[in-house]
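Chain residues, written in single-letter form:
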There are 2 protein chains.
Amino acid sequence: MGKGGRVDKMYYLGVDLGGMSIKAGIVDSKGEILAKNKVHTGRERNYTLILGDIAELCRGLLDETGLTPTDIHSIGIGSPGIPDKKNGVLIRSNNLNFTNVPIREELRKYFDLEVHLENDANAAALAESIAGASADVRHSVLITLGTGIGGGIIIDNRIYSGFNDAGSELGHMCIVHNGLQCSCGRKGCFEKYASASALIYQTVNAAKNNPKSLLNDLCSGDVSKIDARTAFIAEGKGDTAAENVVKQYIEYLADGCMNIVNMLFPEVIVIGGGVGNEGENLFAPLRKAMRKRAYTLDVPETKIRGAVMGNNAGIVGAAMLGRQI
Amino acid sequence: MGKGGRVDKMYYLGVDLGGMSIKAGIVDSKGEILAKNKVHTGRERNYTLILGDIAELCRGLLDETGLTPTDIHSIGIGSPGIPDKKNGVLIRSNNLNFTNVPIREELRKYFDLEVHLENDANAAALAESIAGASADVRHSVLITLGTGIGGGIIIDNRIYSGFNDAGSELGHMCIVHNGLQCSCGRKGCFEKYASASALIYQTVNAAKNNPKSLLNDLCSGDVSKIDARTAFIAEGKGDTAAENVVKQYIEYLADGCMNIVNMLFPEVIVIGGGVGNEGENLFAPLRKAMRKRAYTLDVPETKIRGAVMGNNAGIVGAAMLGRQI
């Protein structure tokens, strides 16, 4: 129990362990952040040093808020890669160059607290489902359209990730049999067609094939400057080549999203990541493309919403791991 | 409570309501059938008559086993189509020509018992997970390779079918963007490539394109006699055209199965339906094709097993609905 009028409250430490930076925060049971901070990961270092930095980051937050470890329910860590949640071991993370790192054991050298481990995309989905875009429903799915497509599945307000904690790799479902080669080893993965990277690739091709398109003006003729917004900006100005890029991109995105619906029928699909920032410019035509693919219109449909947790998703989701267990 | 030494036992009525026949059985809590019977559906009739026949079928089974309604925990109905499970209403079933049929209300005119309603493919998945091929695991998926591809998802030993009971349409995930038109309205659905019907279509094409293939001998030159076994039989005898059919079919099947794995990572995928009867001739190369597609080999893999409940799956799964609630 806490001190100074906090006896009725319990707080959670959440750590978003990324390849570039480590973010940590103290979060209340509703998912509100009281304090947060970050440091450089220095991923080339031994894991004991990295986890030492995490402990120091957490200590700093406790000092800042005047809390002590006895006010804290648990520490949650969200990390890229595949966790062994039961044993608190990070089996593998290419972003961090970690193999079988005993995260829980290591952190318990610093804190006598529960330590929960989770994949970062799953943690973000939990954050949206507790304090974000899908807080009002029990079953939701988050997809983030970034470099790849990450995702998390929430069933009955809890993360579902399969019998071995390795599921919800939503970017790696095949939507194009024998399609583009994916780094995961499969061909035709959803993320090869509907991630931000895929959209950039499609936009660059369209710019090259349509020399008079506004796409080339927007990047001043240097296609390496094209980003995931370029096609949407040019489409908004009525450029035909851009319209075709956006239209085709949404067809791919609708195929993946409808696969999620026909399999899991979540009440909400939350869309985050760079492309998700397009908001209704993306969601309105996506809903239309999904309705065209609907197995039935006799049942309530899945709602498409934008992610709202932003950069806090990792911290809040990791912190809330202790709340859902 | 029951009579005659049955005070410690509880039984379940299960009804498999199909377009052609209605099967019903009395099932114990382990999924063992004590007695079963069936009648012709007569689906052209008003639903009150069909449900009257169901009640009569159930009465007959009670008489046959010497049980009374007080020995029965609940009645479960498995039916094609989309159920409103909460209200016990069958929203729509094309096979039965039913729209908004109040199954529960109707059956309660005959029996003062709980009535549970479920999609028949989901019920079959539950049967396998309680008394069949996946009885040893908590998370499993059943896919049936028949006219289409049906499926059911079991999470934590319970059916999962989305927020509106309309999920787990596993046959209707897109694996070929802009592929073959499916009756569901989408293009490139899994079942257009990996159902028994799809395999027959692929075999017929191969027979036509390869006049010297054994495929033509096996059907005595009449391709309308080709069935889902033909390609496997000819492959077993070393026919090259048949080998190519089977190989390509397994590539499609592996894409769909691996989508299920990357999303849900069940401990077991149970494969039923006509093509499932091929057993290891199908499963061994399927496992190999799936391993090639695996996102990671650092975690335990999903096991591929054949369905074992056969024609009893519908009765047992429907009966067990009352056990899982």
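Presented here is an overview of the structure given in this document. Since this is a predicted model, take the numbers as computed values, not measurements.

## Side note on the overall build of chain A
Within chain A, the regular secondary structure consists of eleven helices and 13 strands. Radius of gyration (C-alpha) of chain A: 21 Å, near the 20 Å computed for a compact globule of 325 residues. Dimensions of chain A along its principal axes, counting C-alpha atoms only, are 65 × 50 × 35 Å. The buried share of chain A, taken over its 325 residues, is 59%. Long-range contacts, defined here as pairs at least 24 residues apart, represent 62% of the contacts in chain A between residues at least 6 apart. Just so you have it, chain A exposes about 13,200 Å², and 47% of that area is on carbon and sulfur atoms. Here chain A contributes 35 positive and 36 negative side-chain charges, whose respective centroids are spaced 2 Å apart.

## Thoughts on the sheet that holds strand S5 (residues 82-84) of chain B
What holds strands together in a sheet is hydrogen bonding between their backbones, with the strands either parallel or antiparallel. Residue and element names in this part refer to chain B. The strand order across the open sheet formed by three strands is S5-S6-S7, and the pairing between neighbours is antiparallel. Taken across any chain shown, the strands that pair with only one partner, and hence form the sheet edges, are S5 and strand S7 (98-101). On average, each strand axis in the sheet is tilted by 15 degrees relative to the strand beside it, whichever way the strands run. Bridging between strand S6 (residues 89-93) and S7 involves three bridges; their strand directions are antiparallel. Each bridged residue has a counterpart across the sheet, and for Leu 90 the counterpart in S7 is Val 101.

## As for the packing of helix H8 (residues 240-264) of chain A against helix H8 (residues 240-264) of chain B
Look at H8(A) against H8(B): their axes get within 12 Å of each other, and the N-to-C directions meet at 80 degrees. When the interaxial angle is binned, H8(A) and H8(B) end up roughly perpendicular. From H8(A), A:Ile260, A:Met263 and A:Leu264 reach across to H8(B), where they touch B:Ile260, B:Met263 and B:Leu264. Considering only residue class, the contact of H8(A) with H8(B) consists of six nonpolar, no polar and no charged.

## Brief notes about the relation of the copies chain A and chain B
Between chain A and chain B, the superposition needs a rotation of 180 degrees and an axial shift of 0.0 Å, giving an RMSD of 0.0 Å. Taken together, the rotation and translation describe the operation of a two-fold axis. Most of the interface of chain A is mirrored in chain B, where 100% of its interface residues are also at the interface.

## A few points about the sheet that holds strand S4 (residues 72-79) of chain B
Residue and element names in this part refer to chain B. Spatially, the five strands line up as an open sheet ordered S3-S2-S1-S4-S8, and their pairing is mixed. For this open sheet the edge positions go to strand S3 (33-40) and strand S8 (114-119), each flanked by a neighbour on one side alone. Neighbour-to-neighbour, the strand axes of this sheet turn through a mean angle of 15 degrees, independent of strand direction. Note that S4 and S8 share six bridges and pair parallel. Bridging across to S8, Ser 79 finds its partner in Asn 119. In the packing of helix H1 (residues 47-65) onto the sheet, contacts are made with strand S1 (11-17), strand S2 (21-27), S3 and S4, and the angle to S2 comes to roughly 35 degrees. Sheet strands in contact with helix H11 (residues 313-324) are S1, S2, S3, S4 and S8, and its direction is about 130 degrees off that of S1.

## Some remarks on the interface of chain A and chain B
Across the boundary between the two partners, chain A contributes 50 residues, which contact 50 residues of chain B. Between chain A and chain B, the buried area comes to about 4,300 Å², and carbon and sulfur atoms account for 61% of it. At the junction of chain A and chain B, the tally comes to four salt bridges. Seen at the junction of chain A and chain B, the total is 28 residue pairs in polar contact (both at pLDDT 80 or more). Sorting the residues of the side of chain A that touches chain B by element identifies strand S6 (89-93), strand S10 (149-155) and H8 of chain A as the ones contributing at least two each. With twelve residues, H8(A) is the single largest residue contributor to the side of chain A that touches chain B. Of the residues belonging to the side of chain A that touches chain B, the class tally is 26 nonpolar, 14 polar and ten charged.

## Side note on unusual backbone geometry
All names here are of chain A. The phi dihedral of Asp 156 is positive, around 55 degrees, even though this residue is not glycine. Looking at where Asp 156 falls in the secondary structure, it is placed in the loop between S10 and strand S11 (158-160). Looking at Asp 156, the relative accessible area reads 38%, which means it is partly exposed.

## Notes on the nonpolar core
Within the largest apolar cluster, 112 residues are counted, with the highest numbers of intra-cluster contacts made by A:Ile143, A:Leu253, A:Leu282, B:Ile143, B:Leu253 and B:Leu282. Once residues lying within four places of it in the same chain are set aside, the contact partners of B:Leu282 are B:Leu145, B:Phe232, B:Tyr249, B:Ile250, B:Leu253, B:Ile271, B:Val275 and B:Gly276.

## Quick word on H8(A)
Residues and elements named next belong to chain A. In this model, H8 (25 residues) spans 36 Å end to end at C-alpha, consistent with the 36 Å of a helix rising 1.5 Å per residue. For H8, the tally of buried residues reaches 19 of 25 residues, placing the bulk of the element in the interior. The backbone nitrogen of Ala 241 lies 3.4 Å from a side-chain oxygen of the residue at the head of H8, namely Asp 239. One or two residues past the end of H8 sits Phe 265, with phi positive at roughly 35 degrees.

## A closer look at the pairing of strand S4 (residues 72-79) of chain A
All names here are of chain A. When you tally the buried positions in S4, you get seven out of eight residues, the bulk of the element. Where strand S1 (residues 11-17) meets S4, six bridges bridge the pair, whose relative direction is parallel. Bridging across to S4, Gly 14 finds its partner in Gly 76.

## Brief notes about the side chain of A:Thr203
On the secondary structure map, A:Thr203 appears in helix H5 (residues 196-209). The residues contacting A:Thr203, other than those within four sequence positions of it, are A:Leu215, A:Ile226, A:Thr230, A:Ala231 and A:Val245.

What counts and how
Residues numbered from 1 in each chain as written. Chains lettered and ligands numbered in written order. Predicted model: local features only at pLDDT ≥ 70, side-chain atom pairs only at ≥ 80, totals over all residues. Heavy atoms only, no water. Helix = DSSP H or I, 4+ residues; strand = E, 2+ residues; numbered from the N terminus. Rg over C-alpha atoms; globule rule 2.2 N^0.38 Å. Buried < 20%, exposed > 50% of the residue type's maximum accessible area, 1.4 Å probe, protein only. Contact = heavy atoms within 4.5 Å. Areas by Shrake-Rupley, 256 points an atom, 1.4 Å probe, with all protein chains shown as cover. Lys, Arg positive; Asp, Glu negative; His and termini not counted. Charge placed at Lys NZ, Arg CZ, Asp CG, Glu CD. Pairing = 2+ DSSP bridges. Axes fitted to C-alpha atoms, helices over the stretch in contact; angles between N-to-C directions. Parallel < 35°, antiparallel > 145°, perpendicular 65-115°, else oblique. Nonpolar A, V, L, I, M, F, W, Y, C, P; charged D, E, K, R; others polar. Least-squares fit on C-alpha atoms with pLDDT ≥ 70 in both. Buried area = accessible area lost by both parts, 1.4 Å probe. Salt bridge = Lys/Arg side-chain N within 4 Å of Asp/Glu carboxyl O. Polar contact = N/O pair within 3.5 Å; in protein donor to acceptor, adjacent residues only side chain to side chain. Core = buried A, V, L, I, M, F, W, Y, C linked by side-chain atoms within 4.5 Å. Expected span 1.5 Å × (residues − 1).

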